[in-house]
Amino acid sequence: MAGRKSVCCGVSALEATLAVLFVLMTAVCVTLITLMATWKTHTGPDPTLHPSPESTSPDPTLRPSPESTSPPQNKPYLIGVGRADCTGPPAEIPLMGYANPQQTAAGIHTRLYSRAFIIDDGKRRVVFVTADVGMISQRLRLEVLKALQVKYGDLYRQDNVVLSGTHTHCGPAGYFQYTLFMISSKGYIKASMEPLVNGIVKSIDIAHRSMKPGRIYRNRGELDDSSLNRSPHSYLNNPEDERQRYKWNTDKQVLVLKFTDLDGDGIGMLSWFAVHAVSMNYTNRMVSSDNMGYASYLLEQDKNPGELPGQGGFVAGFSSSNLGDVSPNTRGPHCVNTGLPCDYLNSSCPVGGTKMCQAFGPGDDMFDSTRIIGHNVYRKAKELYANAAEEVTGFLHSAHQWVNMTDVTVQINSTHTVRTCKPALGHSFAAGTTDGGGDLNFTQGAVDGDPFWDGIRDALLGEPSNQTQECHHPKPILFSTGEMNWPLPWHPQIIDVQIITIGSVAVVAVPGEMTTMSGRRLREAVKQELESEGTFRDTEVVIAGLSNVYTHYITTYEEYQVQRYEGASTIYGPHTLSAYLHKYRGLARAIAQDKVSELPAGPEPPFFTKNLFSLLPAAAVDRKPENTSFGDVLQQVYPVYRQGDVVSVTFVAGNPRHSGDIRDKTFVTVEIHDNRTETWEVVHTDASWETR
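Residues numbered from 1 in each chain as written. Predicted model: local features only at pLDDT ≥ 70, side-chain atom pairs only at ≥ 80, totals over all residues. Heavy atoms only, no water.

- An unreviewed UniProt entry lists the chain under the name Neutral ceramidase, with Lates calcarifer given as the organism.
- Its UniProt record gives the chain a comment under Sequence similarities (unreviewed entry), which states: "Belongs to the neutral ceramidase family."
- In its Catalytic activity (unreviewed entry) section, UniProt records this for the chain: "an N-acylsphing-4-enine + H2O = sphing-4-enine + a fatty acid". (UniProt positions renumbered as here; feature names shortened; annotations may be inferred.)

Here it is in structure tokens:
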């Protein structure tokens with residue numbers, strides 16, 4: 001202490017000055033550090049102000065990816081997401097997809113939802129909707145656009161709104177205006193159409209109201225063990241050098257777009273994977289969103305903890321792609337009566353024909369297969385979402401045309417042109433597929449007609465013209481739908497072609513079911529055109545199937561020659577794909593050159609008001625057993641259950657068709673009693689996977 005004191009007493013003037021300067025510098029540094037800390041807490045993500053499922057979950061795959069926690073420099077988009085119930089009457093109405101008259105609705109497995117995503121770059125806006133329906137029909141699209149026009153004027157139009165179906169085969173039918181589809185769906189059913197229109201519009205309303213600045217990230221990966229080519233014989237008819245470029249005979253890639261707010265918190269995800277939503281087979285009679293709907297359900301339950309199905313802010317859309325020849329039934333086809341493999345060329349069995357040749361999924365039954373395939377797709381998308389680091393930036397574009405698909409001429413080389421045909425379906429159309437075979441003695445791969453069936457057709461519907469027969473060769477025509485117009489045209493002539501681009505991601509909206517190789521050719525063509533001007537680089541092109549209007553299948557010219565189900569269902573003839581390539585190239589070129597405004601709109605599709613017919617009888621008056629009242633429980637639940645038990649209850653009820661609009665409601669709740677608060681909490685509804 002004495003020594004220190006003596007040093008202190010001998011401080012010079014210079015030392016004193018330095019000491020003062022030191023104190024001043026320290027004060028300045030402390031002030032700056034305080035200011036920086038305050039600035040950071042105001043600009044950086046504050047976990048207490050912005051709680052999210054990602055930040056509270058112990059699962060590392062659910063945390064925001066590293067890039068989203070440091071503020072990127074690119075200009076953000078305005079992003080809105082929305083989900084709405086679009087479930088129609090779950091009783092007596094045919095289910096759309098298998099064209100099986102016995103397959104009428106009789107209950108709910110899971111509810112159906114429309115999921116909407118709106119993106120705005122400050123100059124343009126695009127909307128993408130994926131809905132749990134078999135396909136978007138032309139009538140459904142026109143009704144939705146009409147409703148949007150009334151609400152929003154010219155904000156949402158045919159050029160910037162894409163409507164795509166997940167291709168579930170277990171949603172209510174009856175939302176078509178063309179005769180062929182009306183015949184297989186018991187006509188035009190207003191009770192089916194209204195919940196679809198209202199549900200899709202409501203999902204867009206919710207997305208519109210929730211718009212806020214955010215960012216988009218893209219990622220892609222491969223998913224195997226979840227898809228199988230159901231027409232490998234057709235695929236093998238494609239040129240060998242083309243096939244050599246690909247590892248698989250189906251597309252295994254999963255593309256994910258991750259939507260976040262400016263804090264990096266996830267608000268939604270949009271994903272595409274090419275597989276048929278037919279894990280639920282043609283014996284099912286419950287309304288179901290099938291495998292893709294289950295993938296959405298799982299991710300939304302993950303990201304909206306504590307919420308019931310269909311609720312919560314995070315929206316997960318799983319969209320269809322070029323799934324034309326792709327089945328989820330990964331065990332492949334076998335003859336169900338013998339267990340032996342089906343005939344390779346025509347997918348039939350020695351006894352029982354095509355009906356006995358059925359493909360099965362990976363599970364013990366259709367519910368289990370739906371669960372496994374849906375979970376596989378969900379798991380892959382969740383992994384890609386968690387690791388999405390490549391930000392999508394740049395302007396938005398949308399290009400759309402209506403095309404008379406019966407009259408497209410394409411120059412295929414310097415000397416030859418080809419053209420499309422009036423629509424027609426071939427004999428193999430009636431054979432069905434290994435995911436659901438036809439009842440009659442038709443087989444896939446038929447390149448010759450059948451005198452017996454042709455004679456019946458000629459007597460009832462008239463013979464196809466020579467011109468149509470020549471145009472569709474080698475397809476033996478079963479129904480010349482383009483020459484059948486009573487009471488309304490049997491098939492559409494005017495169809496939509498459309499592309500929207502979000503920065504470097506191009507979404508090609510295809511009005512039907514493209515096969516694997518057709519989709520590859522289309523993606524390549526669009527990418528080539530977009531990048532030809534140098535304005536697009538590293539473009540990710542994805543096909544959104546079952547969009548805007550339904551035109552059955554689109555095979556390659558080579559696959560068409562084999563005339564399996566997909567070729568027989570390529571309704572505009574052997575050069576259908578060439579015509580689509582030509583039209584989509586035109587849209588992509590216009591986007592690349594910024595000349596979309598110069599594209600002719602094309603001939604508008606019809607909106608029929610007369611001759612729409614319904615073959616669905618009115619719902620019968622509700623009757624109840626004697627000495628009972630509606631709501632009486634006939635089979636009561638037991639007081640105690642063990643984990644894994646099935647709880648079953650039976651009660652007296654009316655026909656659900658008498659319930660009116662059933663959206664956002666439930667026919668059943670499962671509730672758990674909280675002993676502390678003496679209250680019941682709903683844990684499951686009829687939208688839950690756990691209830692049927």
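A closer look at the packing of aromatic side chains
Piece 1. Taken as a whole, this structure holds 17 aromatic pairs when the rule is applied.
Piece 2. When the centroid spacing of 5.5 Å and the interplanar angle of 25° are considered together, the rings of F117 and F259 count as stacked. Of this pair, F117 sits in strand β4 (residues 113–120) while F259 sits in strand β10 (residues 253–261), and the two are 142 residues apart along the sequence. The burial state of F117 is the same as that of F259; both residues are buried.
Piece 3. Taken together, a centroid distance of 6.1 Å and an interplanar angle of 15° make the contact between F429 and Y565 stacked. Separated by 136 residues along the polypeptide, F429 in the loop between β20 (425–426) and β21 (432–433) and Y565 in helix α16 (residues 565–568) bring together distant segments of the chain.
Piece 4. Under the relative-accessibility criterion, Y565 is labelled buried at 13%. (Phe/Tyr/Trp six-rings, centres within 6.5 Å; stacked < 30°, edge-to-face > 60°. Helix = DSSP H or I, 4+ residues; strand = E, 2+ residues; numbered from the N terminus. Buried < 20%, exposed > 50% of the residue type's maximum accessible area, 1.4 Å probe, protein only.)

Describing the environment of A173
Piece 1. Note on placement: A173 falls in the loop between β7 (171–172) and α5 (179–184).
Piece 2. In this structure, the C-alpha to C-alpha distance between A173 and G187, residues 14 residues apart in sequence, is 8.8 Å.
Piece 3. Those residues within four positions of A173 in sequence are excluded, and the remaining contacts are I93, P94, L95, M96, S185, I189 and S192. (Contact = heavy atoms within 4.5 Å.)

Overview of the sheet that holds strand β25 (residues 505–509)
Piece 1. The four strands are arranged β17-β24-β25-β27 in an open sheet whose pairing can be described as mixed. If you trace the sheet from one side to the other, it starts and ends with β17 (396–404) and β27 (540–544), each paired once. With direction set aside, neighbouring strand axes in the sheet form an average angle of 15°.
Piece 2. The sheet contacts of helix α14 (residues 516–531) involve β24 (494–502), β25 and β27, and relative to β27 the element is tilted by about 135°. (Pairing = 2+ DSSP bridges. Axes fitted to C-alpha atoms, helices over the stretch in contact; angles between N-to-C directions.)

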